[in-house]
Amino acid sequence: MQEDDLSKIDINDQRIVENKELNFFEALIPVIILMGLLAYNIFFADGAMFGDYSNQIILLIGGGVALIDGLYNKVPISLMIKEVWENLKSVFVPILILLLVGALAGTWLISGVIPAMVYYGLQVLSPEIFLPASVIIAAIISIATGSSWTTSATVGIALVGIGTALGINPGMIAGAVISGAYFGDKMSPLSDTTNLAPAMAGTDLFTHIKYMTITTVPTILVTLVVFGIISASIEPTGSADVSNLLLSIDKAFNITPWLFLVPVVVIALILLKTKPLVSLASGVVLAAVFAVVFQSEVLSSLSDSSVTAITDAIFTDTSVATDNEKLNELFSAGGMKGMLWTIFLIICAMVFGGIMDGIGALARITKALLSVATTVFGLFASTVLSCLGLNTIASDQYLAIVIPGKMFKKAYDDKGLAPENLSRTLEDSGTVTSVLIPWNTCGAYQSGVLGVGVGEYFIYAIFNWLSPITTLIFAALRIKIKYLLKK
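Described in the following lines is the structure provided in the data block. (Residues numbered from 1 in each chain as written. Predicted model: local features only at pLDDT ≥ 70, side-chain atom pairs only at ≥ 80, totals over all residues. Heavy atoms only, no water.)

## Topic: the overall build of the protein chain
For the protein chain, the count of helices and strands is 24 helices and 2 strands. Radius of gyration (C-alpha) of the protein chain: 23 Å, near the 23 Å computed for a compact globule of 487 residues. Dimensions along the principal axes, computed over C-alpha positions, put the protein chain at roughly 70 × 45 × 45 Å. Counting every position in the protein chain, which comprises 487 residues, the buried fraction comes to 58%. Of the contacts formed within the protein chain by residues at least 6 apart in sequence, a portion of 80% connects residues at least 24 apart. Carbon and sulfur atoms provide 66% of the accessible area of the protein chain, an area that totals close to 19300 Å². Across the protein chain, the 25 positively charged side chains and the 35 negatively charged ones have centroids separated by 16 Å. (Helix = DSSP H or I, 4+ residues; strand = E, 2+ residues; numbered from the N terminus. Rg over C-alpha atoms; globule rule 2.2 N^0.38 Å. Buried < 20%, exposed > 50% of the residue type's maximum accessible area, 1.4 Å probe, protein only. Contact = heavy atoms within 4.5 Å. Areas by Shrake-Rupley, 256 points an atom, 1.4 Å probe, with all protein chains shown as cover. Lys, Arg positive; Asp, Glu negative; His and termini not counted. Charge placed at Lys NZ, Arg CZ, Asp CG, Glu CD.)

This is the structure in structure tokens:
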């Protein structure tokens, strides 16, 4: 879930622009150039081919190539601009959420909320159980809220902090959090994508959720087993080290269970279906109040004025010094400023995706995949590839559900397949893989919030990359493939 409200996703407003003038090769040209530049930037330029904002510039170059492609094929520039604008409007709320998450991280640091979570978490979660426990905790919160984004912004940040203090690889922790969060998001009736997928395929919500368990439950069980094995192999930090960390936190902050009221209120507001913007803003305000009440010494160490210290935490970089080097790195936040790189990435991705949609390239690529789906397995495989491709090209999980959903619906019906086959495949390959693409809105959000790059957590986001594989295995072996009843 990334949008403000499920009711705002109007399926009838989801348009697919087709262009008969554009052939398959022409549709692929911007994609090939984009992927080539990104690959060169990663493998040969250490991610800095154009400086700190290399990925953003590469996306804009790809958008420029797509624009030229469109003009060559007589696509009005006004149509391309319109599609870019529609894309940008769709991420306005997520961008505001990102800014609030940055503010949340800063205020939760200076108020002692994050340090308290780390302090008590270190005493409960040991390295031997940490990763599978993180999967389960994230899954529970995500099922309850219907939002992987909210889960990462609350318990996700805390779990990364606790795990880092225990000496666990941040990529492993982020992968565990994301695996659990997307399992919960996918299975929750409150999630927007869980409602969108069956609506596009032509089935009902609870039939969709029930049918998803066939592939989703085995996938999450495998994920838990793998994380259990990884956790068991992690070298324990040792009680003395943990005691030193606890002592350092206790010296730097006024630690009290009352601080947990802040995250409890935020999660309660979300469960009561309060808009995420309101919930997160409430968390920022409440944390600022708690900072004044409980952390007066921390505020005075940051600035002569408590108001200035809180304002800095909301908008710019903040760091609380302790006598432990590991904690000094952990207890720092970038505020809203820290989210700007991620926001610019999302905007540039929306520009590229909007132009690609406007020139008809997305529809052309999806149709090409559909044309080779001559068997049942081929149809499933084409759907998976289409979702993966659109997550990469369009940079948005909604388009990765909507376009294949509309394009493939009739093909599933023609082969006598029940619509829940399509809705499940859309979720197994569209919803969960969005977080594996660095410039996708979901990948950019999660890496920005958790402070861990997509490349660092990719291999550990086991549930996310295993889900489309599981769906293809079940399709190939014809396991629990549901057919339409013959009249």
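After presenting the structure, the write-up continues.
## Side note on the environment of V432
Counting through the fold element by element, V432 comes out in the loop between α21 (419-431) and α22 (441-450). What makes V432 buried here is its relative accessible area of 0%. Sequence-wise, V432 and T316 are 116 residues apart; in three dimensions their C-alpha atoms are separated by 32 Å. Those residues in contact with V432 that lie beyond four places of it in its chain are Y182, K186, E427, F463, N464 and S467.

## Some details on the side chain of E420
Among the structural elements, E420 can be located in helix α21. At 3.0 Å, the side chain of E420 forms a polar contact with the side chain of K482. If we ignore the near neighbours within four places in the chain, the residues touching E420 are T203, T207, Y211 and K482. (Polar contact = N/O pair within 3.5 Å; in protein donor to acceptor, adjacent residues only side chain to side chain.)

## Description of a nonpolar patch on the surface
Side chains of I33, F50, Y53, I57, I61, L340, W341, F344 and I347 sit close together on the surface and give an oily, nonpolar patch of about 670 Å² of accessible area. Where the nonpolar patch is concerned, the elements lending two or more residues are α2 (54-72) and α17 (340-358). The leading source of residues in the nonpolar patch is α17, at 4 residues. Structurally, the position occupied by F344 is in helix α17. A relative accessible area of 36% means that F344 is categorised as partly exposed. (Patch = residues over 30% accessible without salt bridge, like charges linked within 9 Å, V, L, I, M, F, W, Y side chains within 5 Å. Salt bridge = Lys/Arg side-chain N within 4 Å of Asp/Glu carboxyl O.)

## Description of α22
When you tally the buried positions in α22, you get 9 out of 10 residues, the bulk of the element. Listed in full, the buried residues belonging to α22 are T441, C442, G443, A444, Y445, Q446, S447, V449 and L450. In this structure, the buried side of α22 is in contact with α4 (92-110), α7 (148-165), α8 (170-187), α17, α20 (397-414) and α23 (454-457). Between the side-chain oxygen of the N-cap and the backbone nitrogen of C442 there are 3.0 Å, and the N-cap of α22 in question is N440. At the exit of α22 stands G451, carrying a positive phi of roughly 70°.

## Observations regarding the packing of aromatic side chains
Taken as a whole and assessed by the stated rule, the structure comprises 9 aromatic pairs. Taking 5.8 Å as the distance between ring centres and 55° as the angle between the ring planes, the aromatic pair formed by Y53 and F344 counts as tilted. One end of the pair, Y53, is in the loop between α1 (24-43) and α2; the other, F344, is in helix α17, and 291 residues separate them in sequence. Their ring planes at 85° and their centres at 5.9 Å tell us that F183 and F463 sit as a pair that is edge-to-face. Of this pair, F183 sits in helix α8 while F463 sits in helix α24 (residues 462-476), and the two are 280 residues apart along the sequence. An identical accessibility class is assigned to F183 and F463; each is buried. An aromatic cluster of at least three residues, connected via ring pairs, comprises Y119, Y120 and F260. (Phe/Tyr/Trp six-rings, centres within 6.5 Å; stacked < 30°, edge-to-face > 60°.)

## Remarks on the pattern of salt bridges
One pass over the structure, following the stated rule, counts 6 salt bridges. Close ionic contact of E86 with K89 constitutes a salt bridge, the shortest N to O distance being 3.4 Å. In this pair, E86 and K89 both sit in helix α3 (residues 77-90), 3 residues apart, roughly one turn of the helix. Looking at E86, the relative accessible area reads 36%, which means it is partly exposed. K186 is paired through a salt bridge with D428; the nearest N and O atoms lie 2.2 Å apart. Here K186 is found in helix α8, whereas its partner D428 is found in helix α21, with 242 residues between them in sequence. Across the pair, exposure class does not vary: K186 and D428 are buried alike.

## Quick notes on the state of the cysteines
Under the definition given, this model contains 0 disulfides. With no disulfide of its own, C348 lies 17 Å from the sulfur of C442, the closest cysteine sulfur. C348 gets classed as buried once you look at its relative accessible area, which sits at 9%. For C387, which is in no disulfide, the shortest distance to another cysteine sulfur is to C442 and amounts to 13 Å. A relative accessible area of 0% places C387 in the buried class. (Disulfide = S-S within 2.5 Å.)

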